[in-house]
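Structural description and commentary
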Amino acid sequence: MKDTTFTRRAAILGAAALPAIRNAAAQARPRAVVISSANRNNGGVNCCAKAMEILKAGGDTLDAVIAGVNIVELDPRDSSVGYGGLPNEEGVVELDSSCMHGPSRRGGAVGALRNIKTPSKVARMVMEQTDHMMLVGEGALRFARAMGFKEEDLLTEESRLQWLTWKKSLRDGSGHNNWGPGIDAPPSEQRKAAVLREIKEMFPNASEELLAEAWENAIHPPHGTINCIALNEKGEMSAVTTTSGLAWKIPGRVGDSPIVGGGLWLDQDVGGAGSTGRGEENLRVCGAHTVVENMRHGMAPKDACLDALKRVSRNFNDDLKRLEPIDLNFYALRKDGECAGAALWNKASVNATRGAQFAVCRDGGESRQENSVFLYERK
Ligand code: GLY
């Protein structure tokens, strides 16, 4: 005969323990978290807020991250991504993007894509509508046309100004430049003033701020980029990276952003990672994949990113002088919602007023920028 006294007592005890068990389960359940690179004009914050809105409405994590980065791709003020991105050496904007969808474990990418404002959407189409992983150049553009994307000129007046400033800043071995006034070109110490005077004549309405930025970008070609990673309450994850790549690049150059495993990697059993900055250095350490594998082996997101940055440093024998011009950032989101941004240097330049940051939005709370950890400090 069954001991009913015991089962009744067990049932009472079990019922009493239920709230505690539910609480523990709730704590163990992944929260919804979105992270991204910071980007100018609040681009990262707006990206994460949009992605979180979609997650909270029950949307798919890939829909969320792509809608988030679309804001930045379509914003001509961000000269490192999408429309208004700085062009290649011929003045043509070429865009790169990759995406990964955690639940289906699939990915897609495009490289050196011209005339389409939202390469992240084309990367997704490569994933969903082809048996391929990556399309580049003319083939990627033809594919985008076939998928109904509208072709547009991606070069804004601001990015044309910046491109011409770069062309005028160049000199051959004898100090000559075909894009300047010729053999009477001013000596190099006056080059900046002369170039900016010529540019101002061509663009009379250009602000001093834009001229200063154009000169800085001519001397130190930037990489930019936005990376965004999302985790929903079901533990599903997706990620995307999109960029106009290195300013003034040789046509056809692709960096790390469209390389699955380089500028982006995701395994929702572990987490996701992405990067911004000098893609060539990231590719030499297979950064995003390295970060995720580091987390798989137990490292916290910030340590996983710092380890990848140490590998970059190792490639330069830890020579800080050679590393000085390199700008590289990693972003990591673990499946339990723990996240980090990490930079090679504490800030982009000695004169930068703010340190390296990334954007994050947790559980529908405020989307904001938080400090990244860093490997080296600029003196
Ligand atoms: N990380 C962007 C690039 O190097 O193209």
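Residues numbered from 1 in each chain as written. Predicted model: local features only at pLDDT ≥ 70, side-chain atom pairs only at ≥ 80, totals over all residues. Heavy atoms only, no water.

Attention now goes to the site of the ligand. Taken together, H223, T225, G245, L246, R253, G255, D256, S257, G277 and G279 make up all the residues around the ligand. Interatomic distance of 2.6 Å between a backbone N/O atom of G277 and a nitrogen atom of the ligand. Measuring from an oxygen atom of the ligand, one finds a backbone N or O atom of G279 at 2.9 Å. About the coverage of the ligand: the protein hides 100% of its 190 Å² of free accessible area. Class assignment of the residues belonging to the shell around the ligand gives a composition of one nonpolar, seven polar and two charged. (Near = heavy atom within 4 Å. Polar contact = N/O pair within 3.5 Å; in protein donor to acceptor, adjacent residues only side chain to side chain. Areas by Shrake-Rupley, 256 points an atom, 1.4 Å probe, with all protein chains shown as cover. Nonpolar A, V, L, I, M, F, W, Y, C, P; charged D, E, K, R; others polar.)

Here we come to the pairing of strand β5 (residues 226-231). Within β5, six of the six residues are buried, which leaves it mostly tucked inside the rest of the structure. Here β5 shows two buried faces, one formed by I226, C228 and A230 and the other by N227, I229 and L231. Bridge count for strand β1 (residues 33-37) against β5 is four bridges, and the pairing is antiparallel. Looking across to β5, one finds that S36 is bridged to C228. Sheet analysis places β5 next to strand β6 (residues 237-243), joined by six bridges and oriented antiparallel. Paired with N227 across the strands is T241, a residue of β6. Between β5 and the antiparallel strand that follows it, β6, lie five residues; G235 among them carries a positive phi value of about 90°. (Buried < 20%, exposed > 50% of the residue type's maximum accessible area, 1.4 Å probe, protein only. Helix = DSSP H or I, 4+ residues; strand = E, 2+ residues; numbered from the N terminus. Pairing = 2+ DSSP bridges.)

Once that is clear, we can look at the nonpolar core. Among the nonpolar cores identified, the biggest contains 37 residues, and V34 and V122 are the most heavily contacted of them. Elements represented by at least two residues in this core include exactly α2 (43-56), α3 (61-73), β3 (106-113), α4 (119-129), α5 (137-146), β5 and β11 (357-362). In this view, V34 contacts C48, A51, M52, L55, C228, I229, A230, A359, V360 and C361; residues no more than four positions away in its chain are not counted. Counting residues in each nonpolar core, the second largest holds 23 residues, with V292, L306, V312 and F316 among its members. (Core = buried A, V, L, I, M, F, W, Y, C linked by side-chain atoms within 4.5 Å. Contact = heavy atoms within 4.5 Å.)

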